Amino acid sequence: IVRIDGDGIGKEVMPPTVAVLDRVTGGNIGWIEARMGLQCYEDCGNPLPPETLETLRTHRLGIKGPTTTPQGGGFQSVNVKLRRALDLYVGLRPAFSLGLPGLNDRVNIHLFRENTEGPYDCTEKLSDDGESVTFTANFTRRAMSRLARAAFNYAQRYGFEKVAYVDKQNIHKLWGRLYHQAFL
C-alpha cells in the first residue's frame, strides 16, 4: 500500500493509522512511502511529484494523510491535482448509525460528490476594485452521468432500494437540468 503522510496534522495521524492497520492485518502490509503536499513542494519544488503518481498508478492502492494547501496563493490544491491525475471522480461520504443506545439506528446515507469538476474545475477573477469575485465552474454531462452510474451501481451492489439526487434547479437552471438528465 502506498503511504503518503502528507503534512501538518497528516504527520500526526498517519503513524497511528498505520499502526492500527498493521495490527489488524498482523503486519502483513508492505508499505511503500511516497510524498506530496506543502513540505514536498518546499523540498523539491513540486507538491505532487511524478514519481508519487507513478507509484500510485503502479500499486493502485494508497492511503493519504491530510495535506496543506497555501491560502491565497502558492499552488493549486494537491488533492484536486491527485484526483484529476488519477481520475478519482467519486467522493463517497457514508453516514450511518453505530447502534448506540438512544440514537436513531436508521441513519444510512451514502453521499456521492463529484470530485474533479464544478468547484474543482473553475476559474476565479477578482474585480478591478477588489470588491467582488466572478467564479466560473465547469460541469460536463460526462462527469454527471458517470457519478450517477457510480451511485446506482453502488446502491445495487450493497442492496440499497433508493437513490436520490439533490439539485438547485430553481436557481441554477442549466446546471440543474444537465444534472437531472444524468439521473434519468
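Whatever comes next refers back to the structure up there.
Described below are features of the structure shown in this document. All chains use their own residue numbering, which begins from 1 and follows the written sequence. Residue-level local features of this predicted model are given only where pLDDT is at least 70; pairs of side-chain atoms are given and counted only at 80 or more, and the full residue set underlies all totals for whole chains, interfaces and linings. Computation of side-chain values: all heavy atoms of the structure, hydrogens and water removed.

### Regarding the environment of Gly99
- Segments assigned H or I by DSSP are reported as helices when at least four residues long, segments assigned E as strands when at least two residues long, and all are numbered from the N terminus. Relative to the helices and strands, Gly99 resides in the loop between strand S4 (90-96) and strand S5 (108-114).
- Here the term buried applies to any residue with accessible area under 20% of the maximum for its type, exposed to any over 50%, and partly exposed to those in between, with areas from a 1.4 Å probe on protein chains only. We classify Gly99 as exposed; its relative accessible area is 53%.
- Separated by 76 residues in the primary sequence, Gly99 and Arg23 have C-alpha atoms spaced 25 Å apart.

### Some thoughts on helix H4 (residues 78-86)
- Every buried residue belonging to H4 is among Val78, Val80, Leu82 and Arg83, and all of these are buried.
- On its buried face, H4 sits against helix H3 (50-59), strand S3 (62-64), S5 and strand S6 (118-126).
- Under this definition, polar contacts are N or O atom pairs within 3.5 Å; protein pairs additionally need one hydrogen-donor-capable and one acceptor-capable atom, and for neighbouring residues in sequence, both atoms have to be side-chain atoms. The opening residue of H4 is Ser77, an N-cap whose side-chain oxygen sits 3.2 Å from the backbone nitrogen of Asn79.
- Immediately beyond the C-terminal end of H4, within one or two residues, lies Asp87, with a positive phi of roughly 55 degrees. Contacts are assigned to residue pairs with any non-hydrogen atoms lying within 4.5 Å of each other.

### Side note on the side chain of Glu117
- Inspection of the secondary structure puts Glu117 in the loop between S5 and S6.
- One buried charged side chain, Glu117, makes no salt bridge at all; its nearest oppositely charged neighbour is Arg142, positioned 5.4 Å away.
- Residues within four places of Glu117 in sequence aside, it is in contact with Asn138, Phe139, Thr140 and Ala143. Residues scored as charged are limited to Lys and Arg (positive) and Asp and Glu (negative), so that His and the chain ends carry no count. The rule for a salt bridge is simple: a side-chain nitrogen of Lys or Arg has to be within 4 Å of a carboxyl oxygen of Asp or Glu.

### Thoughts on the pairing of S6
- Sheet topology note: the S6/strand S7 (residues 133-138) ladder contains 6 bridges and is antiparallel. Counterpart to Cys122 in the pairing with S7 is Ala137.
- The antiparallel hairpin formed by S6 and S7 contains 6 residues in its connecting segment, where Gly130 sits at a positive phi of about 75 degrees. At least two DSSP bridges between two strands are required for those strands to pair.

### Focus on the packing of helix H5 (residues 141-158) against helix H6 (residues 173-182)
- Angles run from 0 to 180 degrees between N-to-C directions of axes, and those axes are lines fitted to C-alpha atoms, restricted for helices to the stretch in contact. Two elements in contact, H5 and H6, have axes separated by 8 Å at closest approach and are oriented at 40 degrees. As the angle between them shows, H5 and H6 are arranged oblique. H6 is crossed by H5, and the crossing has right-handed handedness. Along the contact surface, H5 presents Arg141, Met144, Ser145, Leu147 and Ala148, while H6 presents Trp175, Leu178, Tyr179, Gln181 and Ala182.
- Each residue is assigned to one of three groups, with Ala, Val, Leu, Ile, Met, Phe, Trp, Tyr, Cys and Pro labelled nonpolar, Asp, Glu, Lys and Arg labelled charged, and all others, Gly among them, labelled polar. A breakdown of the residues in the contact of H5 with H6 according to their chemical character gives 7 nonpolar, 2 polar and 1 charged. The labels follow the angle: roughly parallel below 35 degrees, roughly antiparallel above 145, roughly perpendicular from 65 to 115, and oblique for the rest. Rotating anticlockwise by less than a right angle from the far helix to the near helix defines a left-handed crossing, while the corresponding clockwise rotation defines a right-handed one.

### Details of the environment of Ala155
- One can find Ala155 in helix H5.
- For the pair Ala155 and His110, spaced 45 residues apart in sequence, the C-alpha separation works out to 9.0 Å.
- Setting aside chain neighbours within four positions, we find Ala155 in contact with Phe160 and Val163.

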